[in-house]
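What follows is the residue order along each chain.
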Amino acid sequence: MEAKASTKYLRISSQKVNLVLELIRNKNTIEAIAILEQTNKKAAPLVLKTLNSAIANATENHGMLADKLFVSRTVANEGPTLKRFRPRAKGRADLKRKRTTILEVVVSDERKGR
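Read on for an overview of the structure. What you are looking at is a predicted structure, and each value in this text was computed from that prediction instead of being measured. (Residues numbered from 1 in each chain as written. Predicted model: local features only at pLDDT ≥ 70, side-chain atom pairs only at ≥ 80, totals over all residues. Heavy atoms only, no water.)

1. Description of the nonpolar core
- Counting residues in each nonpolar core, the largest one holds 25 residues, and the members touching the most others are Val17, Leu21, Leu36, Val47, Leu51, Leu103 and Val107.
- Elements supplying a minimum of two residues to this core: strand E1 (2–10), helix H1 (14–24), helix H2 (29–38), helix H3 (43–61), strand E2 (70–78) and strand E5 (101–108).
- At 8 residues, the largest contribution of residues to this core is made by H3.
- The contact partners of Val47, leaving out residues within four places of it in the chain, are Val17, Val20, Leu21, Ile24, Leu36 and Leu103. (Core = buried A, V, L, I, M, F, W, Y, C linked by side-chain atoms within 4.5 Å. Buried < 20%, exposed > 50% of the residue type's maximum accessible area, 1.4 Å probe, protein only. Helix = DSSP H or I, 4+ residues; strand = E, 2+ residues; numbered from the N terminus. Contact = heavy atoms within 4.5 Å.)

Written out as structure tokens, the structure is:
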């Protein structure tokens with residue numbers, strides 16, 4: 001059985017979040033939490049918060065044991081981009097893109113294909 005949690009509109013690029021997600025993919029949740037607590041990236045606490053939410057959803061809503069869970073799927077998709085302008089010389093302006101991310105973490109209690 002699977003349980004998931006998602007966080008929308010994180011103010012960080014999805015490319016940066018994917019670097020952290022690669023570290024915890026297909027790992028035991030206890031291992032994944034330990035890895036995220038030791039990772040020195042801006043995305044690590046955001047992913048940890050979403051992972052803890054997915055674990056809570058699994059234990060409270062589906063009655064799964066937290067010790068038996070593992071991270072089965074993680075996805076960081078691109079969200080809407082905030083467009084801002086930065087003034088430049090001679091009356092011109094440059095476009096600043098402020099990226100957002102939609103993060104989804106799925107935990108499961110059964111491993112498929114292993």
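Next comes the rest of the description.
2. A look at the pattern of salt bridges
- In total, this model carries 3 salt bridges according to the counting rule given.
- The residue Arg99 makes a salt bridge to Glu78 at a minimum N-O spacing of 3.8 Å. Of the two residues, Arg99 sits in the loop between strand E4 (93–98) and E5 while Glu78 sits in strand E2, which places them 21 residues apart along the sequence.
- Glu78 gets classed as exposed once you look at its relative accessible area, which sits at 52%. (Salt bridge = Lys/Arg side-chain N within 4 Å of Asp/Glu carboxyl O.)

3. Here we look at the packing of H2 against H3
- The interhelical angle for the contact between H2 and H3, taken along N-to-C directions, is 160°, at an axis separation of 9 Å. In this view, H2 runs roughly antiparallel relative to H3, as classed from their interaxial angle. For H2 against H3, the interelement crossing comes out left-handed. Where H2 approaches H3, its residues Thr29, Ala32, Ile33, Leu36 and Glu37 are matched on the opposing element by Ala44, Val47, Leu48, Leu51, Asn52 and Ile55. (Axes fitted to C-alpha atoms, helices over the stretch in contact; angles between N-to-C directions. Parallel < 35°, antiparallel > 145°, perpendicular 65-115°, else oblique. Left-handed = near helix turned anticlockwise from the far one by under 90°.)

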